[in-house]
Amino acid sequence: MVFSTLFSELYHSIKKTPNSGEVAQYIPELALVDPNKFGVSLVKLNAENFHFGDAQEKFSIQSIAKVLSLTLAYKICGEKLWERVGVEPSGTAFNSLVQLEYEKGIPRNPFINAGALVVADVLVSELKNPNDDFLAFVNQLCHTQVSYSKQVAASEKSCAYVNTALINLMKSFGNIKNDIDQVMDLYFNLCSIEMTCQELSQTFLFLANDGVCPLSEQEIIDHSKSKRINSIMQLCGFYDEAGEFSFKVGLPGKSGVGGGIVVVRPHEFSMAVWSPKLNAKGNSFLGTKFLEKFTTKIDYSIF
Ligand code: GLN
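All of these numbers come straight from a predicted model, not from anything done at the bench.

Is there a simple way to think about the overall build of the protein in this case?
Helix and strand content of the protein: twelve helices and eleven strands. Overall, the protein is about 55 × 40 × 35 Å in size when its C-alpha atoms are taken along their principal axes. Among the 303 residues that make up the protein, the fraction classed as buried is 57%. As displayed, the protein offers around 12200 Å² of accessible surface, 52% of which is attributable to carbon and sulfur atoms. Of the charged side chains in the protein, 27 are positive and 32 negative; the average position of the first set lies 3 Å away from that of the second.

Written out as structure tokens, the structure is:
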């Protein structure tokens, strides 16, 4: 299958539907991104890769990085991690505060902001130099040098009112062990990582290969944990749109407010799409439409 031709066809067909999304505004630096960018990249386990559009341009991966921080924390802590964060869909927005009070500071899953803050707290406890060590882990997956964006991290920090509320509430319940500023700094940094679609699809390939990076043949995480991370992506990767994404696209994946979406087809490929305008649930508007058409056209969901 020559995916590049298909990508071009699908892109031109979705471009006809008006893009009613909005670029994320609440992080000032993200609002500056050109809303018309569109890129897609697919990498197969045998290293064959296909690209279309702005696939070589860096963008802010934002919450997509939560899968990578979860992978490292789960690798280090094993099943004990689930004493501090759940694996249930939240049915609420990515930055929602509402469930946290009822559920005594234990976030529903690691992909909502509260859950990712707990995971960042675990990494601060476990890593000697959390910011450097986490980046080294990501670089090992992506096989190039990626970095944090100082501007994006500072921009998010300058108006992190809701994340500050979330972490303080969890601290009051005893579910944040470290200094709040240190945990928030790691969280803003990991969200600020910039990658191209090509780097992102390469980075996630271990999750399509039972936890082993096919390029280096190195086990990143064991088989069972890799399956579990895929299942959390399937059920929780798109916040309160997780059901609809699964219904329409049918692949495990994760979105970010930078407009990126990464999906995995176990034992076949990983794929990243980037289009900055977001729908009302904070997921890329055209990215979601593109993936829906893609898996429908070639009958490529996991079901
Ligand atoms: N850094 C963003 C935040 O904490 C990530 C949100 C997202 O990508 N959904 O709000």
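Explain the packing of helix α7 (residues 161–172) against helix α8 (residues 180–191) here, please?
Relative placement of two packed helices is described by the angle separating their axes and the distance separating the axes. Across the interface, α7 lies against α8 with an axial gap of 11 Å and an inter-helix angle of 135°. Comparing the axis directions of α7 and α8 gives the class oblique. As for the relative orientation of α7 and α8, their crossing is right-handed in sense. Between α7 and α8, the contacting residues are Asn163, Thr164, Ile167, Asn168 and Lys171 on the first element and Ile180, Val183, Met184, Tyr187 and Phe188 on the second.

Would you explain a nonpolar patch on the surface in this entry?
Judged by side-chain polarity, Leu97, Tyr161 and Val162 come together as a nonpolar surface patch covering roughly 300 Å² of accessible area. As for its placement among the helices and strands, Val162 is situated in helix α7.

Help me understand the pattern of salt bridges, please; the structure alone is not making it clear to me.
Pairing between side chains of opposite charge can happen when the charged atoms of each approach one another. According to the stated counting rule, one finds twelve salt bridges in the structure shown. Across the pair Lys44 and Glu48 runs a salt bridge, and its minimum N-O distance is 3.6 Å.

Just checking my understanding: could you explain the side chain of Gln202 for this structure?
Looking at the secondary structure, you find Gln202 in helix α9 (residues 197–203). Among all residues touching Gln202, those that are not within four sequence positions of it are Val43, Leu141, Cys142, His143, Leu215 and Ser270.

I'm lost on the pairing of strand β3 (residues 49–53) in this one. Help?
Looking along a regular strand, one sees the side chains alternate between the two faces of the sheet. Pairing geometry for strand β2 (residues 39–44) and β3, over five bridges, is antiparallel. Counterpart to Gly39 in the pairing with β3 is Gly53. Between β2 and β3, which pair antiparallel one after the other, the connecting turn spans four residues, and Ala47 there sits at a positive phi close to 80°.

Would you explain the site of the ligand in this entry?
Lining the immediate surroundings of the ligand are Tyr26, Gln62, Ser63, Phe94, Asn113, Glu156, Asn163, Tyr187, Cys191, Tyr239, Gly256 and Val257. In this structure, Asn113 approaches the ligand through a side-chain N or O atom, which is 3.0 Å from an oxygen atom. The residue inventory of the shell around the ligand, partitioned by class, reads six nonpolar, five polar and one charged.

Explain the packing of helix α1 (residues 3–14) against helix α12 (residues 285–297) here, please?
At a closest axis distance of 10 Å, the pairing of α1 and α12 adopts a crossing angle of 125°. Viewed along their axes, α1 and α12 adopt a mutual orientation that is oblique. You can see that α1 and α12 cross each other, and the crossing is right-handed. On the side of α1, the interface is formed by Phe3, Leu6, Phe7, Glu9, Leu10, Tyr11, Ser13 and Ile14, while α12 contributes Leu286, Lys289, Phe290, Lys293, Phe294 and Lys297. Its residues assigned to classes, the contact of α1 with α12 comprises nine nonpolar, one polar and four charged.

Help me out: how do you make sense of helix α4 (residues 113–126) in this one?
Residues spaced three or four apart along an α-helix face the same direction, because each turn holds 3.6 residues. For α4, which comprises 14 residues, the first-to-last C-alpha distance of 20 Å matches the rise-based estimate of 20 Å (1.5 Å per residue) to within 8%. The set of residues buried in α4 consists of Asn113, Ala114, Gly115, Ala116, Leu117, Val118, Val119, Ala120, Asp121, Val122, Leu123 and Val124.

Would you mind showing me how to read α8 here?
Here α8 is twelve residues long and its end C-alpha atoms lie 16 Å apart, about the 16 Å a rise of 1.5 Å per residue gives. Burial runs high along α8: nine of the twelve residues are buried. Those residues of α8 not exposed but buried are Ile180, Val183, Met184, Leu186, Tyr187, Phe188, Asn189, Leu190 and Cys191.

The rules behind these values
- Residues numbered from 1 in each chain as written.
- Predicted model: local features only at pLDDT ≥ 70, side-chain atom pairs only at ≥ 80, totals over all residues.
- Heavy atoms only, no water.
- Helix = DSSP H or I, 4+ residues; strand = E, 2+ residues; numbered from the N terminus.
- Buried < 20%, exposed > 50% of the residue type's maximum accessible area, 1.4 Å probe, protein only.
- Areas by Shrake-Rupley, 256 points an atom, 1.4 Å probe, with all protein chains shown as cover.
- Lys, Arg positive; Asp, Glu negative; His and termini not counted.
- Charge placed at Lys NZ, Arg CZ, Asp CG, Glu CD.
- Axes fitted to C-alpha atoms, helices over the stretch in contact; angles between N-to-C directions.
- Parallel < 35°, antiparallel > 145°, perpendicular 65-115°, else oblique.
- Left-handed = near helix turned anticlockwise from the far one by under 90°.
- Contact = heavy atoms within 4.5 Å.
- Patch = residues over 30% accessible without salt bridge, like charges linked within 9 Å, V, L, I, M, F, W, Y side chains within 5 Å.
- Salt bridge = Lys/Arg side-chain N within 4 Å of Asp/Glu carboxyl O.
- Pairing = 2+ DSSP bridges.
- Near = heavy atom within 4 Å.
- Polar contact = N/O pair within 3.5 Å; in protein donor to acceptor, adjacent residues only side chain to side chain.
- Nonpolar A, V, L, I, M, F, W, Y, C, P; charged D, E, K, R; others polar.
- Expected span 1.5 Å × (residues − 1).

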